[in-house]
Amino acid sequence: LLKQVRFIYDRQMRGEYISGLLRAIAPRMPVADFVREKLPAFVNAYDLMVRGSRAGLKLSADTDRSLQLLGLINHEGWRAVAMQFLVERPELDASADAFFKSLERLAFWLQYAVKDREYRQKRYRRVLDAMDALAKTGASALLEGESPLQLSPEERQMLRDRLAGRFSNNKQRRSLLMRLEAACPGGRVLSVSADATVEHILPQTPPKGSAWYADWTRPRDIEDLTESLGNYTLLTKAENQEADTQGFADKLAIFFRKGECSYALTRDLRDLKAWTPDQVRARRDRMIGYLAADLQLDA
């Protein structure tokens, strides 16, 4: 909590931790006033970030959804920005929905399209600087194209290109698939603790001599597509362990054993007879389309 508060008031984060925090607060208000008036609001906002507690906060359905989706992001830099908004604008006017939608899109882009962790911090610092500048005039300018909160056309294309690539980091791809579940038709927002695991439809290592190689004859296709969005779905842990490296028809029998699959992300596999490279590419492009629409990449 105090790390996020310090980042809000002391953007450079240099020097000893506690003394640096106190030095940053003192020019703005007496420390005693901060403890009495500001700190409880920061506690409520932080509790929302990490535990989902809505105590003392009135959130619209759209803002609540964006905050839940932000909880799937694997870095924490977005928290300071969200906390600053919640504390400084407790009335949560009509701009809140658009603000948190934009913040979730920015955090998603920084997670998946940007490798430089230092740049993430710099970008969030720029957003906080812009929020300070607009503290008295409202948040509308943050929602415009030139704001550091918004993605440029080039940044949006960078994200599209990244989504067409490979995702081999298990933690990141699980978060990505959970975000995709919220974007696809009939999907829902999942919590980090959900019983949701990433299933490779084409196994990462198909058994030698198995029927998989009838459709996957080119090693390049296996290399390019096994770790792509099109080849992933979400299963419960028990379903995933059972599916393992079985053939496609056997996997479908597990996915739809109860008549309906556990996650909406799996539904488009129901009527398929085989799993080929062309189908993976088509499904990958379809999944990117779902995310692009939900994240408003074409807006």
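K.L.:
I'd like to hear about helix 8 (residues 153–163), residue by residue, with values.
P.N.:
Regarding helix 8, the residues found buried are Glu155, Arg156, Leu159 and Leu163. Along the long axis of helix 8, the arc covered by the buried residues comes to 105°, so they all point the same way. When the buried face of helix 8 is taken as reference, the exposed residues oriented beyond 90 degrees from it are Pro153 and Glu154.

K.L.:
Just give me the short version of the environment of Asp132, but keep the residues and values in it.
P.N.:
Positionally, Asp132 belongs in helix 7 (residues 117–133). A relative accessible area of 33% means that Asp132 is categorised as partly exposed. Considered as a pair, Asp132 and Leu67 are 65 residues apart in the sequence and their alpha carbons are 21 Å apart. A distance of 2.8 Å separates polar atoms of two side chains, one belonging to Asp132 and the other to Arg11.

K.L.:
Describe in detail a nonpolar patch on the surface, supporting the description with residues and values.
P.N.:
A cluster of nonpolar side chains, Leu2, Tyr17, Ile18, Leu22, Val31 and Val35, forms an exposed patch at the surface whose accessible area comes to about 430 Å². For the nonpolar patch, the secondary-structure elements that each account for two or more residues are helix 2 (17–25) and helix 3 (31–51). Per-element tally for the nonpolar patch: the top contributor is helix 2, with three residues. A relative accessible area of 38% means that Leu22 is categorised as partly exposed.

K.L.:
Tell me about the pattern of salt bridges, and please be specific about residues and values.
P.N.:
Inspection of every chain in the model, using the stated rule, returns 28 salt bridges. Taking the shortest distance from any N to any O, the salt bridge between Asp129 and Arg11 comes out at 2.5 Å. Residue Asp129 is located in helix 7, and its partner Arg11 is located in the loop between helix 1 (2–9) and helix 2; the two are separated by 118 residues in the primary sequence. Residue Asp129 is classed as partly exposed on the basis of its relative accessible area, which comes to 39%. The exposure class assigned to Arg11 is buried, which follows from its relative accessible area of 10%. We note a salt bridge from Glu260 to Arg270, for which the minimum N-O separation is 3.8 Å. With a gap of ten residues between them, Glu260 in the loop between helix 13 (248–255) and helix 14 (277–294) and Arg270 in the loop between helix 13 and helix 14 connect regions that are remote in the sequence.

K.L.:
An account of the nonpolar core is needed here, citing residue identities and associated values.
P.N.:
Ranked by size, the top nonpolar core spans 76 residues in total, and within it Phe100, Leu103 and Leu229 carry the most contacts. Excluding its chain neighbours within four sequence positions, the residues that come into contact with Leu103 are Leu70, Trp78, Val81, Ala82, Tyr124 and Leu149. By size, the runner-up hydrophobic cluster in this structure holds 17 residues, among which are Leu235, Ile254, Phe255 and Trp275.

K.L.:
Tell me about the packing of aromatic side chains, residues and numbers included.
P.N.:
On inspection of all chains with the given rule, the structure shows eleven aromatic pairs. Between the aromatic rings of Phe99 and Phe100, the centroid separation amounts to 5.1 Å while the plane-to-plane angle is 90°, which identifies the pairing as edge-to-face. One exposure class covers both Phe99 and Phe100, and it is buried. Ring centres of Trp212 and Phe248 lie 6.5 Å apart, and the angle between their planes is 70°; this geometry places the pair in the edge-to-face category. One end of the pair, Trp212, is in helix 10 (residues 212–215); the other, Phe248, is in helix 13, with 36 residues separating them in the sequence.

K.L.:
Give a description of the side chain of Arg284 that names residues and reports values.
P.N.:
Along the chain, Arg284 turns up in helix 14. Beyond its immediate sequence surroundings of up to four residues, Arg284 is in contact with Ala164, Leu225, Ser228, Leu229 and Gly230.

Rules and cut-offs
Residues numbered from 1 in each chain as written. Predicted model: local features only at pLDDT ≥ 70, side-chain atom pairs only at ≥ 80, totals over all residues. Heavy atoms only, no water. Buried < 20%, exposed > 50% of the residue type's maximum accessible area, 1.4 Å probe, protein only. Helix = DSSP H or I, 4+ residues; strand = E, 2+ residues; numbered from the N terminus. Arc of directions from axis to C-beta. Polar contact = N/O pair within 3.5 Å; in protein donor to acceptor, adjacent residues only side chain to side chain. Patch = residues over 30% accessible without salt bridge, like charges linked within 9 Å, V, L, I, M, F, W, Y side chains within 5 Å. Areas by Shrake-Rupley, 256 points an atom, 1.4 Å probe, with all protein chains shown as cover. Salt bridge = Lys/Arg side-chain N within 4 Å of Asp/Glu carboxyl O. Core = buried A, V, L, I, M, F, W, Y, C linked by side-chain atoms within 4.5 Å. Contact = heavy atoms within 4.5 Å. Phe/Tyr/Trp six-rings, centres within 6.5 Å; stacked < 30°, edge-to-face > 60°.

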